[in-house]
Amino acid sequence: MWQAMYRLLSEHLGEAEFHNKEILSGGDIHHTMKIDYGQHTIFVKQNLREFLPLFKQEAEQLEMLAKSNTITVPKVYGVGSNKHHSFLLLEYFPLKNFDSTNAWRFGQQLAHLHQWEEQPSYGFDFDTMLGTIVQPNSWEKRWSSFFAEKRIGLQLQLAAEKGMVFGDIQRIVDVVKEKLSGHQPQPSLLHGDLWPANCAMTAENNGLLYDPACYWGDRECDIAMLPLYPELPIQIIDGYQSVWPLPAGFIKRQPIYQLYYLLCQSNIFGLEKSYVHARSIIDELLDGK
């Protein structure tokens, strides 16, 4: 594997030597490490060879986010494999926690990302992954249909297969579709999994995004995630609003968008807290609240 890594890094950074290899903790799916290659520090994700397509998809999403020139993402130095393993080579950043000042800046940069480029439809060129769950991204003209069917409907089906029944799936999908029927937002490029483990600040106080689950959708989906994590300062939303204010209907739609991530957490981790929260949102939707 080291030979394959060396070939890719030498193409981008010239010939150098590996040193200071450090195993990192915190990855839910992949093994991670930090290595020095000459004067450059590299972040390495590594797993079995079968994960190579996922690493390629992650690299494409990071490169798409980078094209926006709005917020920092790690440079991609390459994706490769040997007989048994695959890997993704990324630029390494020392991270800083959010505070009230840099959180405002992060929110502004996130708003600029959401404003970037025009896209007429919702979806992506390929299906992406949120954790271990596939996000279907076939293109759709109507936002209500895309979110109700490809996000909520799929998660409810996966939950039912695990024995977590929230009610009649088609009825819930129809209610979500009805609640969003009058909402046809400009498609924005979303990070798609904006929780504390996937965003931070760099040492230079620039917002940093990584581990994306991209698609073109309603920008409110990224913002709706933030209140689920109290450790993310409210100033992120304040900074966002200073650039691109959220529409008045956001507060009513926020629980619907949060429902998707709560269902994902229930399906991936089996979290009872997420299940109970998702259950309460669905009950309110079905009660017409």
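Residues numbered from 1 in each chain as written. Predicted model: local features only at pLDDT ≥ 70, side-chain atom pairs only at ≥ 80, totals over all residues. Heavy atoms only, no water.

Per an unreviewed UniProt entry, the chain carries the name Fructosamine kinase family protein and comes from Providencia manganoxydans. If you open the UniProt record of the chain and go to Sequence similarities (unreviewed entry), you find "Belongs to the fructosamine kinase family." (UniProt positions renumbered as here; feature names shortened; annotations may be inferred.)

Draft legend 1. The overall build of the chain, seen in detail. The helix and strand tally for the chain stands at 9 helices and 12 strands. Here the C-alpha atoms of the chain give a radius of gyration of 20 Å, agreeing with the 19 Å that 2.2 N^0.38 yields for 289 residues. Taken over the C-alpha atoms alone, the chain extends approximately 65 × 45 × 35 Å along its principal axes. Expressed as a percentage of the 289 residues in the chain, the buried residues total 51%. For the chain, long-range pairs separated by at least 24 residues make up 67% of all intrachain contacts whose partners lie at least 6 apart in sequence. Total accessible area computed for the chain in this model is approximately 13600 Å², and 50% of it derives from carbon and sulfur atoms. Considering the chain, the positive charge centre built from 25 side chains and the negative charge centre built from 34 side chains are found 2 Å apart. (Helix = DSSP H or I, 4+ residues; strand = E, 2+ residues; numbered from the N terminus. Rg over C-alpha atoms; globule rule 2.2 N^0.38 Å. Buried < 20%, exposed > 50% of the residue type's maximum accessible area, 1.4 Å probe, protein only. Contact = heavy atoms within 4.5 Å. Areas by Shrake-Rupley, 256 points an atom, 1.4 Å probe, with all protein chains shown as cover. Lys, Arg positive; Asp, Glu negative; His and termini not counted. Charge placed at Lys NZ, Arg CZ, Asp CG, Glu CD.)

Draft legend 2. Structural view of the sheet that holds strand S11 (residues 207-209). The strand order S6-S10-S11 describes an open sheet built from 3 strands, whose pairing is antiparallel. If you trace the sheet from one side to the other, it starts and ends with strand S6 (95-96) and S11, each paired once. Of the strands in this sheet, strand S10 (199-202) and S11 are in contact with helix H3 (residues 100-115), which crosses S11 at around 55 degrees. (Pairing = 2+ DSSP bridges. Axes fitted to C-alpha atoms, helices over the stretch in contact; angles between N-to-C directions.)

Draft legend 3. Representation of the pattern of salt bridges within the structure. The tally for this structure, following the rule as stated, stands at 7 salt bridges. For lysine 150, the salt bridge identified is with glutamate 140, shortest N-O distance 3.7 Å. Residue lysine 150 is located in helix H4 (residues 143-161), and its partner glutamate 140 is located in the loop between strand S8 (133-135) and H4; the two are separated by 10 residues in the primary sequence. Each of the salt bridges in this network shares a partner with another, and the network as a whole consists of Lys45, Glu58 and Asp211. (Salt bridge = Lys/Arg side-chain N within 4 Å of Asp/Glu carboxyl O.)

Draft legend 4. Examining the sheet that holds strand S1 (residues 18-24) more closely. Ordered in space as S1-S2-S3-S5-S4, the 5 strands form an open sheet in which the pairing is antiparallel. Of all the strands in the sheet, just S1 and strand S4 (76-81) have a single pairing partner and so form its edges. Within the sheet, the average angular offset between the axes of one strand and its neighbour, ignoring direction, is 20 degrees. Examined bridge by bridge, S1 and strand S2 (residues 31-37) share 5 bridges and lie antiparallel to one another.

Draft legend 5. Quick peek at the side chain of lysine 150. Classification of lysine 150 as buried rests on a relative accessible area of 14%. Excluding residues that lie within four positions of it along the chain, lysine 150 makes contacts with Pro136, Ser138, Glu140 and Ser145.

Draft legend 6. Molecular detail of unusual backbone geometry. Positioned with a positive phi, asparagine 20 is a non-glycine residue whose angle comes to about 55 degrees. One non-glycine residue, aspartate 211, lies in the positive phi region at around 50 degrees. Inspection of the secondary structure puts aspartate 211 in the loop between S11 and strand S12 (215-217). The exposure class of aspartate 211 is partly exposed, given its relative accessible area of 27%.

Draft legend 7. Summary view of the pairing of S10. Here S6 pairs with S10 via 2 bridges, running antiparallel. The residue bridging leucine 95 from the neighbouring strand is threonine 202, located in S10. Bridging between S10 and S11 involves 3 bridges; their strand directions are antiparallel. Counterpart to methionine 201 in the pairing with S11 is glycine 207. Between S10 and S11, which follow one another and run antiparallel, lie 4 residues, and asparagine 205 among them has a positive phi close to 65 degrees.

Draft legend 8. Broad picture of the packing of H4 against helix H8 (residues 250-269). Put simply, H4 and H8 touch, their axes get as near as 9 Å, and they point 25 degrees apart. In terms of their interaxial angle, H4 and H8 are classed as roughly parallel. At the point where H4 passes H8, the crossing takes the left-handed sense. Between H4, through Trp143, Phe147, Arg151, Ile152, Gln155, Leu156, Leu158 and Ala159, and H8, the contact on the second element is made entirely by Ile256, Tyr257, Leu259, Tyr260, Leu263, Cys264 and Asn267. Broken down by class, the residue content of the contact of H4 with H8 amounts to 12 nonpolar, 2 polar and 1 charged. (Parallel < 35°, antiparallel > 145°, perpendicular 65-115°, else oblique. Left-handed = near helix turned anticlockwise from the far one by under 90°. Nonpolar A, V, L, I, M, F, W, Y, C, P; charged D, E, K, R; others polar.)

Draft legend 9. Here's a closer look at the nonpolar core. Core analysis: the biggest nonpolar cluster contains 72 residues, and Phe106, Trp143, Phe147, Ile152, Phe166, Val176 and Leu189 have the highest contact counts within it. When residues of this core are assigned to their parent elements, the largest contribution, 9 residues, is made by H8. The residues touching valine 176, leaving out its near neighbours within four places in the chain, are Phe147, Ala148, Ile152, Ile256 and Leu285. Counting 12 residues, the second-largest nonpolar core is a separate cluster that includes Leu9, Tyr77, Phe87 and Leu89. (Core = buried A, V, L, I, M, F, W, Y, C linked by side-chain atoms within 4.5 Å.)

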